[in-house]
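Coordinate analysis (summary)
Read off the chains here:
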Amino acid sequence: MLDQTFTTENFRKIYDRANRRGLNLEARFFPALAGLTDDIRTLTGQVRELRRENHRRDDPGVRGQIAALLANRDALKAQKNEAIDAELELLAATVRSDSFDVTLRQAIGPGAKAIYPAEDVPGNFFVLKQLQENLKRLYGVKQANRHHIVCQVRDSIDNGFKWTLVRTDISSFYESIDRQRLLSKITSDQLLSVPSKRQIQRILQEYHRLSGAAVGLPRGVGVSAYLSELFMRELDAKLRGLKGGVLYARYVDDIVVLFSRTLTDEHAAYEGLVRAAIEEYGLTPNPLKTHAYNIDHSGALSFEYLGYRFDVAGKRCAVHVGSTRLTRYRKRLELCFAEFARRKPLEPKAARNLLVARVKFLTGNLRLHNSKRHALTGIFYNNSAISDTSSLQGLDAYKSHLAAQTGIPSLQARLADFSFVRGFEERRFQTFSPKALNRIVKVWQHEAA
């Protein structure tokens, strides 16, 4: 039986998980613990220094000093753990009271859409994380794997059979979800505890108060992603069961359905089936992104899905980097060189080094040590499903063009060492200090969405 409660024990699991993923909740929510943390770090530094000095001598007196320092450090760690538990116990008692509500605020997010993030206070953070855990464990809610979907679509088209492919996404997805239908499902399932259901209802009421919308989920709150996946369960089953359907895949609100067909089938009819199913649940297919493609391998066609461009010619399907992502890479290259031109008159050497570091970053791959499960990112890991690197060759050519415009042969030679194609094909990894990484990405942090 899953423990859904907002207790000290559950909050401690959330706290420890966050710390393992590099999220410093202590500094964020519990600044009173900073003194203990500083003392533990000081002792750790002293132990490290003594061990370094005693590496060859192996002095018994130094070993005794190290043992004493380690004992003091262990005592401070135990004291800190007790202090964390005390803070979490007070917090758990607060959020279990009838007066506690998760508080949201309204802001403007990417694409100028309204978002409603939770206020950054400990009660909100821990309650939302516990709700997400409850939904994930009780309902098995998880987001689909984008890479697997792209490979499924590519491999299905690539086998030479005749298909109709319907590709769509849902307009204003979060804002269109029927809250009452969702709450009715949660109530009838009787899986969530009463406190969990009450907090979900209050979050939706807070969203209604801020937005004035009768339907929808608050964009910008982590629990909304879980609730939207739960809402889509029935629609997924309906779309997966459409007559003639052989492949159904959805990534958030981006949908593709592949139908087998006969010579007498009209592919527009399949688009109608998909539209009708989506509209039955109060959602609206985006007319600009809803298309049916007749794949009979007699000619060429191209479509985009999940950041990739699929080019079908004859019986082959090639996957390229999608146009939106290619534009983003080109824009980032332009920003790098523009920033170099701006800084060069003042700091020529530093400007050159920073430009090289930025191109190195864009063309390589990186392990994010402070992220969930040390995630991998970069030119290969963000585009791993492509089967044709011609789009990356185009990026290399554009990079060389921008480098030539600097008129500095030595800089051009340094930049020639970095290639989008080689970074992808050889999975080249780059390493940067946290300070260097912050300087590298700063130039495009405020680029237009």
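Before reading further, recall that the structure is shown in the block above.
Throughout what follows, the structure given in this document is the object of discussion. Here the structure is a predicted model, which is why all the values come from computation and not from measurement.

The next thing to look at is the overall build of the protein. Helix and strand counts for the protein come out as 18 helices and 11 strands. Dimensions along the principal axes, computed over C-alpha positions, put the protein at roughly 90 × 70 × 40 Å. Scored against the burial criterion, the 449 residues of the protein give a buried share of 45%. Once local pairs closer than 6 in sequence are excluded, the contacts in the protein between residues at least 24 apart make up 70%. Treating the 69 positive side-chain charges of the protein as one cloud and the 49 negative ones as another, the clouds have centres 5 Å apart.

So, about the packing of helix H5 (residues 122-139) against helix H9 (residues 194-211). At a minimum axis separation of 11 Å, H5 and H9 run at an interaxial angle of 115°. As H5 packs across H9, the resulting crossing turns out to be left-handed. Within the contact between the two elements, H5 uses Val127, Leu128, Leu131 and Asn134 and H9 uses Ser196, Gln199, Ile200 and Ile203. Residue composition of the contact of H5 with H9, by class: five nonpolar, three polar and no charged.

Moving on to the sheet that holds strand S8 (residues 308-313). Judged by pairing direction, the sheet is antiparallel, and its three strands sit side by side in the order S7-S8-S9 without closing on themselves. Here the strands that pair on one side only, and so sit at the sheet edges, are strand S7 (300-305) and strand S9 (316-321). Looking at each pair of strands side by side, their axes are set apart by 20° on average, direction ignored. Set on the sheet, helix H13 (residues 323-343) makes contact with S7, S8 and S9; between it and S9 the angle comes to about 35°.

Here we take up the nonpolar core. Soluble, globular proteins show a tendency: their nonpolar side chains are buried together. Counting 61 residues, the largest nonpolar core has Phe11, Phe126 and Leu239 as the members making the most contacts within it. Of all the elements, H5 adds the most residues to this core, at seven residues. Beyond its immediate stretch of four places on either side in the chain, Leu239 contacts Tyr248, Ile255, Val257, Val274, Ala277 and Ile278. One finds Ile295, Leu306, Leu415 and Trp444 within the second-largest nonpolar core, a separate group that totals 59 residues.

It is worth spelling out the pairing of strand S4 (residues 245-251) at this point. Two faces make up the sheet, and in a regular strand the side chains alternate between them. Across six bridges, S4 lies against strand S5 (residues 254-260) in antiparallel orientation. The residue bridging Gly245 from the neighbouring strand is Phe259, located in S5. Counting the residues in the hairpin turn of S4 and S5 gives two residues, including Val252, whose phi is positive at 60°.

Taken as a whole and judged by the stated rule, the model has 18 aromatic pairs. Taking the centre distance of 5.1 Å and the plane angle of 50° together, the rings of Phe380 and Phe424 count as tilted. With Phe380 in the loop between strand S11 (376-378) and helix H15 (390-405) and Phe424 in helix H17 (residues 420-425), this pair connects stretches of sequence that are 44 residues apart. Of the residues examined, Phe380 reaches a relative accessible area of 10% and is grouped as buried. An aromatic cluster is built from Phe11, Tyr15, Phe29, Phe30, Phe125 and Phe126, whose rings are joined through pairwise contacts. The ring of Tyr308 has Arg325 sitting right over it, with the charged end atom 5.5 Å from the ring centre.

For helix H6 (residues 146-157), which comprises 12 residues, the first-to-last C-alpha distance of 17 Å matches the rise-based estimate of 16 Å (1.5 Å per residue) to within 8%. Of all the positions in H6, only Ile149, Val150, Cys151, Val153, Arg154, Ser156 and Ile157 are classed as buried. A distance of 3.0 Å separates the backbone nitrogen of His147 from a side-chain oxygen at the start of H6, and that oxygen is part of Asn145.

Bringing helix H14 (residues 348-363) into the picture now. In this model, H14 (16 residues) spans 23 Å end to end at C-alpha, consistent with the 22 Å of a helix rising 1.5 Å per residue. Turning to H14, its buried residues number three or more, namely Ala351, Leu354, Leu355, Val356, Ala357, Arg358, Val359, Phe361, Leu362 and Thr363. Along its buried surface, H14 packs onto H13, strand S10 (365-367), H15, helix H16 (409-415), H17 and helix H18 (434-441).

A few words on the sheet that holds strand S6 (residues 291-295). Taken in spatial order, the four strands of this open sheet run S4-S5-S3-S6, and their pairing is antiparallel. The sheet terminates laterally at S4 and S6, the two strands that pair on one side only. Going across the sheet, the axis of each strand differs from the next one's by a mean of 15°, ignoring polarity. The strands that helix H11 (residues 233-240) touches are S4 and S5; relative to S4, the one it contacts most, it runs at about 155°.

Thresholds, definitions, all that
- Here, residues in each chain are numbered from 1, in the same order as that chain's written sequence.
- Thresholds applied to this predicted model are a pLDDT of at least 70 for local features of residues and 80 or more for the giving and counting of side-chain atom pairs; totals over whole chains, interfaces and linings are not thresholded and use all residues.
- For side-chain calculations, the full set of non-hydrogen atoms in the structure is used, while hydrogens and water are omitted.
- Elements are defined by DSSP. Helices are runs of H or I of four residues or more, strands are runs of E of two residues or more, and each kind is numbered from the N terminus.
- Three exposure classes are used, based on accessible area relative to the maximum for each residue type with a 1.4 Å probe and protein chains only: buried under 20%, partly exposed in between, and exposed over 50%.
- Any two residues having at least one pair of non-hydrogen atoms within 4.5 Å are treated as being in contact.
- His is not counted, nor are the chain ends, whereas Lys and Arg count as positive and Asp and Glu as negative.
- Where a charge lies is defined by one atom per residue type, namely NZ (Lys), CZ (Arg), CG (Asp) and CD (Glu).
- Under this scheme, a helix contributes an axis fitted over its contacting stretch, all axes are lines through C-alpha atoms, and angles between N-to-C directions fall in the 0 to 180 degree range.
- Less than a right angle of anticlockwise turn of the near helix away from the far helix marks a crossing as left-handed, whereas a clockwise turn marks it as right-handed.
- Side-chain classes follow a simple rule in which Ala, Val, Leu, Ile, Met, Phe, Trp, Tyr, Cys and Pro form the nonpolar group, Asp, Glu, Lys and Arg form the charged group, and the remainder, Gly included, forms the polar group.
- By this definition, two strands are paired if DSSP reports at least two bridges between them.
- For the purposes of this section, nonpolar cores are sets of buried Ala, Val, Leu, Ile, Met, Phe, Trp, Tyr and Cys residues that join through side-chain atoms within 4.5 Å.
- The rule is short: rings of Phe, Tyr and Trp, with Trp giving its six-membered ring, pair when the centres are within 6.5 Å, and they are stacked under 30 degrees, edge-to-face over 60, tilted in between.
- The rule is short: NZ of Lys or CZ of Arg within 6 Å of the ring centre and within 35 degrees of the ring normal puts a charge over the ring.
- Each helix should span, by expectation, one fewer than its residue count multiplied by 1.5 Å.
- As used in this structure description, the phrase polar contact means that two N or O atoms lie within 3.5 Å; if the pair is within protein, one of them must be able to donate a hydrogen and the other to accept it, and residues adjacent in sequence are counted only when both atoms belong to side chains.

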